[in-house]
Amino acid sequence: MDKPGGENAWRKHHQSAVTRDIWLFDRERGTHRQLTTFGGEDRTPVFVPGDTAFHYLSEANGTFNVHRMSLGDGTTRQVTAFTGAPVRFLTAARDGMLAFGHDGLIYTLTPGGAPRAVPVVILADAKANNERVIPVTGGVSQLAVAPSGKEVAFIFRGDVFAAGVDGGAAKQITRTPELEQGVQFSPDGTTLVYASERGGRWAIYRAARTRAAEPYFFAATALTETPLVQNDRQNDQPQYAPDGTEIAYVEDRTTLRVINLAARTTRTLLTDRHIWSTGAGQHIRWSPDSKWILFEMSVPGLAPGEIGLVRADGADSVRNLTRSGFDDGNPTWVLGGKAMIWRSTRDGLKALAQTGGSQADVYIQFFTQEAWDRFRLNTEEFALVKDLEAKAEKEKDKPKGKADSTAAPEPVTLDLPRAEQWKARPTIHSSSLGDALLSKDGETLYYLARFERGFNLWSTALRTRETKMVLALNASGASMRWDKEQEKIVLLASGAVSLIDPASAKREPVAIQGEMVADAAAERAAMFDQVYRRVRDTYYTVGWHGADWEALRAQYVRYLPHIGDHHEFAEMLSELLGELNVSHSGARYRASSPGDDATASLGIIPDPSFAGEGVPIVEVLRGGPMDRTGMNVTAGAVITAVDGVALTPAVDLAALLNRKADRNVLVRLREGRSTREVVVKPISLGAESRLLYERWVRRNAEEVDRRSNGRLGYIHVPGMNDGAYRSAFEEVMGKYPDRAGLVVDTRWNGGGDLVADLEMFLSGRRFFDYTTDSRSTGFEPNFRWTRPSIVLANEGNYSDGHCFAWAFKEMGLGQLVGMPVPGTCPFAGGAGLLDGLSFGVPGMGVKDAATGRYLENWQTEPDLRVRNDAAIVAAGRDQQLEAAVDALLARLPTARP
């Protein structure tokens, strides 16, 4: 709020992780004065016109309260004396009344008075039913196929269901407001095992049918549930051994354990030296003979992913099977345990950025000489072998028919020392790769690949390398399982289940029909506990930044009975997580309906000060819907009507453009004394935002070019991702390769994961010239910038945008210009909840390698601090950009290269 005389107050971040002070800026004099110097956090300054003091929030005795400071002598006094929850949302009215929130209530405070709670009475219709019936027809996740092939189990909204593959009613197995996950059938199909989050802990449960006359879960009328692993740890991701005697599970996200179901004894196979996760599941697969376990290794110092192998009895050391240095994952046993297939990025196209998307292939590794030799036979040799095998089978005089799929698989002796040499790449094209399956005879690979729209089902005949698309799915996400006989593929795609016959390329949907009753209050209580436990167990550093997390839980859980919908719940969770004083945290609720408002844009900048008839155009945005050949709309024209509705002072242009993006509208224009009509196709506000961004970048580049007399180039990096890196590379190496220096603008960079790529790109050092005595034809490295650069950053840099600003300065690559960047450099973490709710909390921090200090809450100070004055920016100047150009020019030799 403005103070008479044109002064504004704002909050300023200091180098200390916990210090935030209030400063005063005099617009007329252009001077700054620090108002608070208490070494704590001061927030939310509010002014009342004509007052000689201002109010603000300051932390005292562990709680934020309202304070008042005189602008004359700087004396302060505490106005409120609340304890426990902080005061929030401080505002002031023109008559001096203050309003704020505390502990879920709204308070007002008149000058000289005491805080008074505002009685809030909401008149509403009858209270909505807390319970609601939800149809179960899609939204399936975590599919499991029964050994009988007659039914599937799946997770829907956190509960376990079963359904027959021929369709029909789905059976709800669990009915809890908490979550279940990782459902799996036992090898004999008589029980289901899953993890459930109950009583504050994840535990492993088993459900069994109790009536012998009911052979399927989807038709069972009576079930019993018993806990298998229930202790003070977090236990989830159960995996039955194929012989049914043991279950592997993950304890506390970093330990793989096995429980023997008969003896109820457990043993540890892997620790955090081999696996690690703050939330995502571990990929674990038993061998068919129950003697080995494949897993995705996560070892410090290793490549992004490797495939590990461990004996199920724990009698041998862990082995790294792939050792490729590329990203390897999703290992699966095939050929009865004689081989495995997995996904690897070794041969695929890769994004320009290291952490961008990559194409992958299916690879296969054999564990026996016999399997490897058989795989290498050509078509004629293999036909001869098959002939001999058929004759040998006939001589045994065994009855014809399918093999007994219930028989225990023969143990396989793995030749691990030589297995590293026995691997191949079955796929002939790299792709955006999904799940993969190998046929029972080992002759055909089926896999999900995306080249254009979505994932489709492909096949490759391993002996002939013939590759074709079996079925077009265009799925946004999908996974596959074989049925009992490995003849049909059970597909889960975009939440729907179907059966695919790969031989005939026919797909039959599994029509799941059912319903569940959800208790909204109970679900919110369960989600609250889930957030609480996730923070407690995975927060990136001990101590929760000084917050008493247990006390905060007790304080905020009191609000649950008063929460009416998901919007309120997300706000409450955000306030709870905000107590941690950490970035990448909070909660959100995203809900939309087809009838929501969606204002479209004509791609113009209107005159906001005009109050007459129509909307005057100040500027037509380049590339916008009114910047078209033959339309000839220019600044100065006035829009007088849209679709025949006149634009009077009482008519809002936005209302006339609601939900009209990409639809033709008729616009009437007044240009001088003449009028005409044009047909315009409006764009979305998101598209308009992109046009405005491109306009801003274009103007900045032109200003740098003008101010430097063509010596410097300019790029803006809006985010830390592969697309932004490609744009930066294109501009720098294509548009500015001959410039003497480069201005790298990262202001308002929202983050991502590009810091290493961008730092290395700007740190190039020229070491070769390809030349003759008279002419240079190139140099090395020609894919990195080898000349001086300067970086712009400000208070809006976030996440990896902060990481980059800090690293650029730390590496001494050039000057950092702008304003201090708040310390927001951990790794984001969190999870989805229910119905569009999600939350975030960082599970891993980033430390300065030299000092071992976390960058979170460690502000990065620029080498050259320049604050953009709002009035000067409004006049069309960018002081930070000007300062960066001048500073970089001062470092360059006067002669043009």
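Student: Looking at this structure, how should I read the overall build of the chain?
Tutor: If you tally the helices and strands in the chain, you get 13 helices and 61 strands. In terms of overall dimensions, the chain has C-alpha extents of about 105 × 85 × 65 Å along its principal axes. Burial statistics for the chain: of 897 residues in total, 47% are counted as buried. If you take every contact in the chain between residues at least 6 apart in sequence, the share linking residues at least 24 apart comes to 51%. Surface summary for the chain: the accessible area is close to 43800 Å², and the carbon and sulfur share equals 50%.

Student: I tried to follow helix α2 (residues 379–395) on my own but got confused; where do I start?
Tutor: Residue pairs spaced three or four apart in an α-helix point in one direction, given the helix's 3.6 residues per turn. Here α2 contains 17 residues, and its C-alpha end-to-end distance of 25 Å stays within 8% of the 24 Å for a straight helix at 1.5 Å per residue. Here α2 starts with a cap whose side-chain oxygen sits 3.1 Å from the backbone nitrogen of Glu380, and that cap is Asn378.

Student: When you look at the environment of Ala831 in this model, what are you seeing that I'm missing?
Tutor: Residue position: Ala831 is located in strand β59 (residues 830–832). Sequence separation between Ala831 and Lys291 is 540 residues; the distance between their C-alpha atoms is 34 Å.

Student: What am I meant to see in the packing of aromatic side chains here?
Tutor: Describing an aromatic ring pair means giving the distance of the ring centres and the angle of the ring planes. The final tally for this structure, using the stated rule, is 28 aromatic pairs. Ring centres of Phe82 and Phe100 lie 6.0 Å apart, and the angle between their planes is 70 degrees; on these two criteria the pair is classed as edge-to-face. Of this pair, Phe82 sits in the loop between β7 (76–78) and β8 (87–92) while Phe100 is found in strand β9 (residues 98–102), placing the two residues 18 residues apart along the sequence. Overall, the relative accessible area of 16% leaves Phe82 in the buried class. Residue class for Phe100 comes out buried when judged on its relative accessible area of 3%. One aromatic cluster is present, built from ring pairs that chain together Phe47, Phe54 and Tyr56. Seen from the ring of Tyr205, Arg198 lies directly overhead, with NZ or CZ sitting 4.1 Å from the centre. Stacked on the ring of Phe779, the Lys or Arg Arg766 has its end atom at 4.3 Å from the ring centre.

Student: Please clarify how the packing of helix α4 (residues 520–538) against helix α6 (residues 566–578) should be interpreted in this entry.
Tutor: Close contact between α4 and α6 brings their axes to 12 Å; oriented N to C, the two are set at 20 degrees. As the angle between them shows, α4 and α6 are arranged roughly parallel. Crossing handedness for the pair α4 and α6: right-handed. From α4, Arg524, Met527, Phe528, Val531 and Val535 reach across to α6, where they touch His566, Phe569, Met572, Leu573, Leu576 and Leu577. Looking at the contact of α4 with α6, its residues break down into nine nonpolar, one polar and one charged.

Student: What is the right way to read a nonpolar patch on the surface from this model?
Tutor: On the surface, a cluster of nonpolar side chains totalling about 380 Å² of accessible area is made up of Ile106, Val118, Val120 and Ile122. Tracing the sequence through the fold places Ile106 in strand β10 (residues 105–109).

Student: What exactly am I supposed to notice about the nonpolar core here?
Tutor: The tendency in soluble globular proteins is for nonpolar side chains to be buried as a group. With 49 residues, the main nonpolar core has Ile715, Leu742, Val743, Leu758, Leu762 and Phe804 as its most contacted residues. The next biggest cluster of nonpolar side chains, apart from the first, holds 40 residues, and it includes Leu552, Tyr559, Phe569 and Leu833.

Student: How should α6 be read in this particular structure?
Tutor: An ideal rise of 1.5 Å per residue puts 18 Å on 13 residues; α6 measures up with 18 Å between its terminal C-alpha atoms. Every buried residue belonging to α6 is among His566, Phe569, Ala570, Met572, Leu573, Glu575, Leu576 and Leu577, and all of these are buried. In this structure Asp565 caps α6, since a side-chain oxygen of it lies 3.1 Å from the backbone nitrogen of His567.

Student: Before we go on, may I ask you to explain the side chain of His67 in this structure?
Tutor: Following the sequence through the fold, His67 ends up in strand β6 (residues 63–70). Once residues within four sequence positions are removed from consideration, His67 is found in contact with Phe54, His55, Tyr56, Ser58, Ala60, Arg77, Gln78 and Val79.

Student: It is not clear to me how the confidence of the model for the chain should be interpreted in this structure. Could you clarify?
Tutor: The predicted coordinates of low-pLDDT regions are not to be read in fine detail. Mean pLDDT for the chain: 91, with 93% of residues reaching 70 or above. pLDDT under 50 marks residues 1–18. Its contacts with residues more than four places away, or in other chains, come to 70 contacts.

Calculation rules
- Residues numbered from 1 in each chain as written.
- Predicted model: local features only at pLDDT ≥ 70, side-chain atom pairs only at ≥ 80, totals over all residues.
- Heavy atoms only, no water.
- Helix = DSSP H or I, 4+ residues; strand = E, 2+ residues; numbered from the N terminus.
- Buried < 20%, exposed > 50% of the residue type's maximum accessible area, 1.4 Å probe, protein only.
- Contact = heavy atoms within 4.5 Å.
- Areas by Shrake-Rupley, 256 points an atom, 1.4 Å probe, with all protein chains shown as cover.
- Expected span 1.5 Å × (residues − 1).
- Polar contact = N/O pair within 3.5 Å; in protein donor to acceptor, adjacent residues only side chain to side chain.
- Phe/Tyr/Trp six-rings, centres within 6.5 Å; stacked < 30°, edge-to-face > 60°.
- Lys NZ or Arg CZ within 6 Å of the ring centre and 35° of its normal.
- Axes fitted to C-alpha atoms, helices over the stretch in contact; angles between N-to-C directions.
- Parallel < 35°, antiparallel > 145°, perpendicular 65-115°, else oblique.
- Left-handed = near helix turned anticlockwise from the far one by under 90°.
- Nonpolar A, V, L, I, M, F, W, Y, C, P; charged D, E, K, R; others polar.
- Patch = residues over 30% accessible without salt bridge, like charges linked within 9 Å, V, L, I, M, F, W, Y side chains within 5 Å.
- Salt bridge = Lys/Arg side-chain N within 4 Å of Asp/Glu carboxyl O.
- Core = buried A, V, L, I, M, F, W, Y, C linked by side-chain atoms within 4.5 Å.
- pLDDT = per-residue confidence, 0-100.

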